[in-house]
Structure formats: C-alpha cells, structure tokens
Amino acid sequence: MTQVTRRAVLAGLAVLTLAGSALAAPRTYQLVPDGTSVDFTFDLSGISQSGTMPIESADIRIDLNDLLNSRVDVILNVAKARTKLPFARKPMLSESVLDAEGFPTIHFVSTSVQLGESGRISQGAKISGDLTVRGVTRPIELKADLFRPPGSAADNLNDLSIRLTGELNRHDFGASGYADLVQDTVGLDIRAEIQSSQ
C-alpha cells in the first residue's frame, strides 16, 4: 500500500469514527408549548380535583442509539399553578402547602431510565429521578411513554410526544397544610410534544 493510499484509508476511518460519535450523541429536544401540559390531581374533602402547572424550562436529551442514556431536566413554575376550583388556589400556594413565595419552582432531574418490555420508552418503561419541592429533594419514579406522531415514518424522530405519570406523598416534601381537607397523595400527568433542535 502506497503512502498516499494509506493516508486516504486513515482519513476515511477518522471520518467514520467522527460520524459514529456524532450519531451516538444524545439528541436535544425542545418543548412545543402549545402541546405541553402538567396536570395534577388531588382529593379535596373526598372529591377528586385537578389543576395545571406550566413548565418554565426543560432540557430533554434522547439517545436514539442507547435509550438508557436519555435524560430529562424540567423546572415547573409554582406561582402560575391553577386549579379548577378558584378558591383552592390561594391555600395551595400558601406557606403551609407549596409556599410559592419561598419556593417558586419545582425541579425534576432524571437519574435512570428503565425500558419497557419492547426495549423502548413505552409499554412499561420507567424514569427515576430526583424531585425537589419546597427545597426538599426526594426520589420519584414515573411511568414513561414516548411516541411518534400517527402516520409518521419509523425513521422520522424529529417530532415526538412524551407522557410521564406517577404520584407523590405531599407530606414527604413538607407540603402538609390543610391535612384535614386534602388527601396525602397527589397524582401527576405530564404530557409534552417535543421537537428536535438538531
């Protein structure tokens, strides 16, 4: 093999290596605001109630070659939380519950991904992470589902929908106000449309 040919082969291998590294890197996605909602449920005097809380920011990275390497980092805006019962909003944001003035955000950072039976982020997949509410951080596990839009090509992963569901005990985070009226468990249902930014 001539020196020129050897250089060409080495250059080609270098390009392939760099290309492989680029493909292996997690892809960054951004939220589509109109397709995003964070819903929560709670029982007030034995009657199921619901509300919403907007997402302030989100850093979503999905590794399409190794889904276990995917990451989610989400910050919610507590002060803008709403409930379907207007009179329940002020107590919810008060110092004895969410303390919106002292702790204006809720923060979730994923720590691990467990794939479903199909080897995908769906059908039994779970995302574990650290949830910080009122300055208190506790581990939480959320059921996860990741979908392509109906009718989209199998290799088109530019637009995706993600859903995370789970529940928490509000007393674990010190949000213990109105214990005689509001049940301990709060349900979470996060739905987001995400778009590749790469």
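Everything numeric in this text was worked out from a predicted model, so none of it was measured. Residue positions within a chain follow its written sequence, with the count starting from 1. Confidence filtering applies because this is a predicted model: local features only for residues at pLDDT of at least 70, side-chain atom pairs given and counted only at 80 or more, and all residues used for totals across whole chains, interfaces and linings. Working from all heavy atoms in the structure, the side-chain values ignore hydrogens and water.

S.K.: Is there a simple way to think about the overall build of the chain in this case?
M.R.: A count of helices and strands for the chain gives two helices and eleven strands. Sequence-ordered secondary structure for the chain, helices as α and strands as β, is α-β-β-β-β-β-β-α-β-β-β-β-β. Classification of residues uses two cut-offs on accessible area relative to the type maximum, computed with a 1.4 Å probe and protein chains only: under 20% is buried, over 50% is exposed, and between them is partly exposed. Counting only residues that meet the buried cut, the chain has 33% of its 198 residues in that class. Across the chain, the fraction of contacts at a sequence separation of at least 24, relative to all contacts at a separation of at least 6, is 56%. Runs of H or I in DSSP of at least four residues are treated as helices and runs of E of at least two as strands, each being numbered from the N terminus. Contact definition: two residues touch when any of their heavy atoms are within 4.5 Å.

S.K.: Any chance you could explain the nonpolar core here in plain terms?
M.R.: Here is a general trend for soluble globular proteins: nonpolar side chains tend to be buried in one another's company. If you look at the biggest cluster of nonpolar residues, it comprises 43 residues, and the most contacted ones within it are Met-53, Ile-62, Leu-98, Leu-131 and Ile-194. No other element matches the five residues that strand β11 (residues 185–196) contributes to this core. Among residues more than four places away in sequence, those in contact with Leu-98 are Met-53, Val-78, Met-92, Leu-93, Phe-103, Val-133 and Arg-134. Throughout this description, the term nonpolar core refers to a set of buried Ala, Val, Leu, Ile, Met, Phe, Trp, Tyr and Cys residues connected via side-chain atoms within 4.5 Å.

S.K.: Before we go on, may I ask you to explain the side chain of Thr-28 in this structure?
M.R.: Structurally, the position occupied by Thr-28 is in strand β1 (residues 27–31). If we ignore the near neighbours within four places in the chain, the residues touching Thr-28 are Ile-60, Arg-61, Gln-195, Ser-196, Ser-197 and Gln-198.

S.K.: I tried to follow the pairing of strand β7 (residues 105–114) on my own but got confused; where do I start?
M.R.: Regular strands show a simple pattern: their side chains alternate between the two faces of the sheet. For two strands to be treated as a pair, DSSP must find no fewer than two bridges joining them. Of the pairings in the sheet, the one linking strand β5 (residues 71–77) to β7 comprises five bridges and is antiparallel in character. Residue pairing in the sheet places Asn-77 in a bridge with Thr-105 of β7. Two strands pair when backbone bridges link them, and β7 and strand β8 (residues 125–133) are joined in this way by seven bridges, in the antiparallel orientation. The partner of Phe-108 across the bridge, within β8, is Leu-131.

S.K.: I would appreciate a short explanation of the pattern of salt bridges in the present structure.
M.R.: Pairs can form between side chains of opposite charge once their charged atoms are near each other. Salt bridges are identified by distance alone: a Lys or Arg side-chain nitrogen within 4 Å of an Asp or Glu carboxyl oxygen. What the rule picks out here adds up to four salt bridges. A salt bridge links Asp-189 to Arg-163, with the nearest nitrogen and oxygen atoms 2.9 Å apart. Of the two residues, Asp-189 sits in strand β11 while Arg-163 sits in strand β10 (residues 159–169), which places them 26 residues apart along the sequence. A salt bridge links Arg-191 to Asp-189; its shortest N-O distance comes to 3.4 Å. Put simply, Arg-163, Asp-189 and Arg-191 are held in one network by salt bridges that share partners.

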